[in-house]
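If you want the building blocks of each chain, they are given just below.
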Amino acid sequence: MSETTAIVITLVVYKVALLGIGIAAQRRTQSADDFFLGGRSLGPWVAGLSASASSSSAWSLLGVSGFAYAKGVSAVWLFPACVGGFWLNWYVLAPALRQRSLHSGALTVTELLAGPRTAPWSRAIRRVSTAIVLVSLMAYVASQFQGAGKTFAETFSMPMTEAVLLGSAVVVVYTMLGGFLAVSITDTLQGLVMALASVALPVAAVVHVGGLGALRAGIETLGSASYTSLTQGMPMAAGLGFVLGLLGIGLGYPGQPHVVNRFMAIRDERSLRQARRIAMVWAVVLYTGMIVLGLCARVLLPPLGDGEVAFVAAARWVFPPVVAGVVLAAVLSAIMSTADSQLLVAASAVVHDAPAATDDDPARLVRRSRVVVVVLSAAAVVAALVGDASIFDKVLFAWTAMGAAFGPVLLVTVLGGDVKPRARLAAIVVGFVCAVAAYWVPATAGTVWERVVPFVLALAVAWSGRVRTTA
């Protein structure tokens, strides 16, 4: 069997499985609560793996390994940043967020922050939050489609347009059919595939290099001084800013609506405790594996024009053709299916959060949500085809913008007490605007000014607006 045949067979089997999940989940999707939160019935494995996979996709597999390939040893700072973000989400935010959403009946993060539609400033918070979600998640979804397109192009030498259209069509169908439940189950499957790839591929790469000692020697031989430095050889002040900028990625985790909505859907406290242990192990395995893989690829492979194809090139280098084909096809499908969570949250923002009044007909609301999923997917496909930014940069822009907008006010709201409506809106606007401004200025993009300062400013605004109660 050739590599191409193995890839085609694996892709067909995976896509059929995804469509089957969507059809099965459709039978249990009758209301808005079902479509957007799966009836709050997620068990530990589905919650832990689906939330993890939703927060770690093309960026984690292609972007992190590509960053390690291109930048070298300094990529190790991504490990405490991302694993620390998982800890912040699961141990600090998740318990309080689940309880608060359960008591309030909120189906989305925006609804939880805005409060009842009749509450002061609720309409403004909903509209601003919806705009932020749409802008950020469309960039996010486009990056997933672009990541799959890169993998298809590298593997099959097929045009980007056909690659993006092929994968996005399947994602749209099962998301539209089964809603949150289908998305969560398929993301669980995706999480398992990503975990297996994050063990098998780096281990095989280290064996091909000759062991960890040979990997270290190879890095020192092939890499420049900046490649072997934890701060890329920068002066102390610049190096500190670089490190803080990478660590600041972890601050974005609490502000990702497509991730933290899994906490709102967990069925009970026991499932939450089990889910967070599963998620933490998954994070350690994935980010360790991708950093090691990127470094191995630099030693093993000839120079690559695009570091973000290091994952694909390494798989084809260390595995026999058939095995490489299965790995690449499975991972490609996993990358594409990550877009489902973002599409669902974006649809919920348009259909559920933004309107001035709720729709009392559950069936009509679900139908409208499915139409919005199709429209948003088409927009993301166009953005993926015309965009030229790297996956790493595009995802981090969306990640940082939403993290600074929603993370601070969400943390203060669920942990520090209620925040005055005006302060909630101000914190959301300050975080988002500052993050976008820093991203567009070349001197501050990707630094502590983009990834830490907006979060801190928004946190200060939200904290100052707390409703203080007396005993």
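For the structure, check the block above.
Reading the values: rules and limits
- Residues numbered from 1 in each chain as written.
- Predicted model: local features only at pLDDT ≥ 70, side-chain atom pairs only at ≥ 80, totals over all residues.
- Heavy atoms only, no water.
- Helix = DSSP H or I, 4+ residues; strand = E, 2+ residues; numbered from the N terminus.
- Buried < 20%, exposed > 50% of the residue type's maximum accessible area, 1.4 Å probe, protein only.
- Axes fitted to C-alpha atoms, helices over the stretch in contact; angles between N-to-C directions.
- Parallel < 35°, antiparallel > 145°, perpendicular 65-115°, else oblique.
- Left-handed = near helix turned anticlockwise from the far one by under 90°.
- Contact = heavy atoms within 4.5 Å.
- Nonpolar A, V, L, I, M, F, W, Y, C, P; charged D, E, K, R; others polar.
- Core = buried A, V, L, I, M, F, W, Y, C linked by side-chain atoms within 4.5 Å.
- Phe/Tyr/Trp six-rings, centres within 6.5 Å; stacked < 30°, edge-to-face > 60°.
- Lys NZ or Arg CZ within 6 Å of the ring centre and 35° of its normal.
- Salt bridge = Lys/Arg side-chain N within 4 Å of Asp/Glu carboxyl O.
- Patch = residues over 30% accessible without salt bridge, like charges linked within 9 Å, V, L, I, M, F, W, Y side chains within 5 Å.
- Areas by Shrake-Rupley, 256 points an atom, 1.4 Å probe, with all protein chains shown as cover.

**Examining the overall build of the protein chain**
Move 1: From N to C terminus, the protein chain includes 20 helices and zero strands.
Move 2: Evaluated residue by residue, the protein chain yields a buried proportion of 59% over its 471 residues.

**Concerning unusual backbone geometry**
Leaving glycine out, the prevailing phi sign among residues is negative, and the prevailing peptide bond configuration is trans.
Move 1: For Trp121, which is not glycine, the phi dihedral falls at a positive 65°.
Move 2: Relative to the assigned elements, Trp121 resides in the loop between α6 (109-114) and α7 (122-156).
Move 3: A residue is classified by how much of its surface remains accessible, and Trp121, at 40% relative accessible area, is partly exposed.
Move 4: Positive phi, close to 55°, is recorded for Gln232, a residue that is not glycine.
Move 5: Mapped onto the fold, Gln232 is located in the loop between α9 (212-222) and α10 (236-247).

**Examining the packing of α9 against helix α12 (residues 269-300)**
Move 1: Viewed as axis vectors pointing N to C, α9 and α12 meet at an angle of 60°, and their least axial separation amounts to 9 Å. The orientation of α9 relative to α12 falls into the category oblique. Considering only the axes of α9 and α12, their crossing is left-handed. Residues Leu215, Gly218, Ile219 and Leu222 of α9 pack against Leu295, Cys296, Arg298 and Val299 of α12.
Move 2: For the contact of α9 with α12, the per-class residue count stands at six nonpolar, one polar and one charged.

**Here's the deal with the environment of Pro303**
Move 1: Position of Pro303 among the secondary structure elements: in the loop between α12 and α13 (310-318).
Move 2: When its relative accessible area of 78% is taken as the criterion, Pro303 is described as exposed.
Move 3: As a C-alpha pair, Pro303 and Ala70 span 233 residues in sequence and 9.9 Å in three-dimensional space.

**Overview of the nonpolar core**
Move 1: Ranked by internal contacts, the top residues of the largest apolar core, which has 131 residues, are Trp59, Phe86, Trp90, Leu97, Tyr287, Phe311 and Leu410.
Move 2: If one sorts the elements of this core by residue count, α12 sits on top with 16 residues.
Move 3: Residue contacts for Phe86: discarding those within four places in its chain leaves Ser52, Ser55, Ser56, Tyr253, Ala279, Met280, Trp282, Ala283 and Tyr287.

**Some thoughts on the packing of aromatic side chains**
Move 1: Taken as a whole and assessed by the stated rule, the structure comprises eight aromatic pairs.
Move 2: With centroids separated by 4.5 Å and ring planes inclined at 40°, the aromatic side chains of Phe397 and Tyr439 adopt a geometry described as tilted. You can see Phe397 sitting in helix α17 (residues 391-415) and its partner Tyr439 sitting in helix α18 (residues 421-440), a full 42 residues away along the chain.
Move 3: On the basis of relative accessibility, which here comes to 12%, the residue Phe397 falls in the buried class.
Move 4: Across the ring face of Tyr227, the terminal group of Arg298 is positioned such that the distance to the ring centre comes to 4.3 Å.

**Considering the pattern of salt bridges**
Between side chains of opposite charge, a pair can form when the charged atoms approach closely.
Move 1: Going through the model one piece at a time under the given rule, you end up with four salt bridges.
Move 2: Among the ionic pairs, Arg216 bridges to Glu220, the shortest N-O distance being 3.6 Å. Taken as a pair, Arg216 and Glu220 lie in helix α9 at a separation of four residues, close to a single helical turn. The pair formed by Arg216 and Glu220 is uniform in burial state, with each residue classed as exposed.
Move 3: Among the salt bridges present, the one from Asp268 reaches Arg267, with a minimum N-O distance of 4.0 Å.
Move 4: Judged by relative accessible area, which is 30%, Asp268 ranks as partly exposed.

**Structural notes on a nonpolar patch on the surface**
Move 1: The grouping of Val8, Val12 and Val16 at the surface amounts to a nonpolar patch, some 240 Å² of accessible area in total.
Move 2: Along the polypeptide, Val8 turns up in helix α1 (residues 3-26).
Move 3: We classify Val8 as partly exposed; its relative accessible area is 41%.

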